[in-house]
Amino acid sequence: MTNDKIKFSWIRPTSVEYPKIWHTFKARDVDSDELVEYRIQDLPQSRAEDAFQHMFEGYVQDQPIIQQFTELEDKLEYYNDFKLAWQAIVDQKLPLVCFKAGSDDIVGMHFIFVCSRKDKFDDVFLNLSRSRITKMVFSIANLLYEHFNVYDHYGVEEYLASHGLSVDKRYRGRAIGDEFLKTRKLVCQEFGIKVTHSMFSSDYSNRNAERCGFVTNAEIRYEDIVKTHPEFDVSKVRSTAMAIKSQVY
């Protein structure tokens, strides 16, 4: 990685179709109980800005910690930090997008990427970040990683990571988040990756992960953060805990 831009060492093999449709499933339509087909595929790079906007309207607004902050400036700074990472992930050609059959409107996004030990992603990202919220979220995450190292624990040099998952509010309640998490297995199998690992910061996302077979590596309750680290203001977070979870294939 350079010191002014996030860049990953893993490169998608040209032998794998891009953009590739990874998975199709049926779920209720947006305005009726009719079952329609949805597909999860690679995000075309031409739709990157649309994907970023989707993540701002969904993921950034819904993140449990940032919900405490009401100033638009705070949310924009947080968004701009994450956009740095999202752009690098787009360059890796791995983000997943969900479309409904017959439509090119974005139903959901999942910014997955391959993170290698030598990338030192967290350190570089945090160094480039400007938002106080970003720095607080990563400082809290570091509490989870004090006694856990995904590379050492699983004996790998790379794993499939995530930098956000969001579903359009109109399409929620259809288990589309679960379908994104299930698609990680297909991506890992295609590219020979043994482990996927992520942080889950809301009760909803933690339940989804457990339902899809993820195991908890470490967990910290927000109420305990308030007691032991009062410098992190998470007293108004409506979820119970933040956790890091993995799945091995």
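Each remark here, short or long, concerns the structure printed above.
This write-up is about the structure you can find in this document. For every chain, the first residue of the written sequence is number 1, and numbering continues from 1 along that sequence. Local features in a predicted model are, by the rule used here, given only for residues with pLDDT of at least 70; side-chain atom pairs are given and counted only at 80 or more, and totals for whole chains, interfaces and linings are based on all residues. Side-chain metrics in this entry use all non-hydrogen atoms of the structure; hydrogen atoms and water are not considered.

Further remarks concern the pattern of salt bridges. Whenever a carboxyl oxygen of Asp or Glu lies within 4 Å of a side-chain nitrogen of Lys or Arg, that contact is scored as a salt bridge. Enumeration over the complete set of coordinates arrives at 13 salt bridges. Here Asp 62 and Arg 172 are joined by a salt bridge, their closest N and O atoms 2.7 Å apart. Taken as a pair, Asp 62 in helix α1 (residues 48-62) and Arg 172 in the loop between β5 (158-167) and α6 (176-191) lie far apart in primary sequence, 110 residues in all. For Asp 62, a relative accessible area of 27% puts it in the partly exposed group. The partner of Arg 117 in a salt bridge is Glu 157, and the shortest N-O contact between them spans 3.1 Å. A residue pair is termed long-range when its members are at least 10 positions apart, and Arg 117 in the loop between β4 (106-116) and α3 (121-128) and Glu 157 in the loop between α5 (150-154) and β5 qualify at 40 residues. Under the scheme used here, helices are H or I runs from DSSP no shorter than 4 residues and strands are E runs no shorter than 2 residues, and both carry numbers assigned from the N terminus. Three exposure classes are used, based on accessible area relative to the maximum for each residue type with a 1.4 Å probe and protein chains only: buried under 20%, partly exposed in between, and exposed over 50%.

Glancing now at helix α4 (residues 132-144). The periodicity of an α-helix, 3.6 residues per turn, causes residues three or four places apart in sequence to face the same way. Given a rise of 1.5 Å per residue, 13 residues ought to cover 18 Å, and the 19 Å separating the end C-alpha atoms of α4 matches this to within 8%. A 3.5 Å cut-off defines polar contacts: any pair of N or O atoms within that distance qualifies, except that in protein one atom must be a possible hydrogen donor and the other a possible acceptor, and neighbouring residues in sequence count only when both atoms are side-chain atoms. One side-chain oxygen at the N-terminal end of α4 lies 3.0 Å from the backbone nitrogen of Ile 133; it belongs to Ser 131. Take the number of residues in a helix, subtract one, and multiply by 1.5 Å to get its expected span.

In this section: unusual backbone geometry. Here the amide bond leading from Tyr 18 into Pro 19 is cis, since omega sits at -5°, within 30 degrees of zero. With respect to the element layout, Pro 19 can be found in the segment before β1 (21-28). Phi is positive for Lys 93, which is not a glycine, with a value near 60°. Relative to the assigned elements, Lys 93 resides in the loop between α2 (72-91) and β3 (96-100). One non-glycine residue, Ala 175, lies in positive phi territory at about 60°. With respect to the helices and strands, the residue Ala 175 is situated in the loop between β5 and α6. For Ala 175, a relative accessible area of 35% translates into the label partly exposed.

Note that every value here comes from positions in space, so none of it alone points to a role or purpose.
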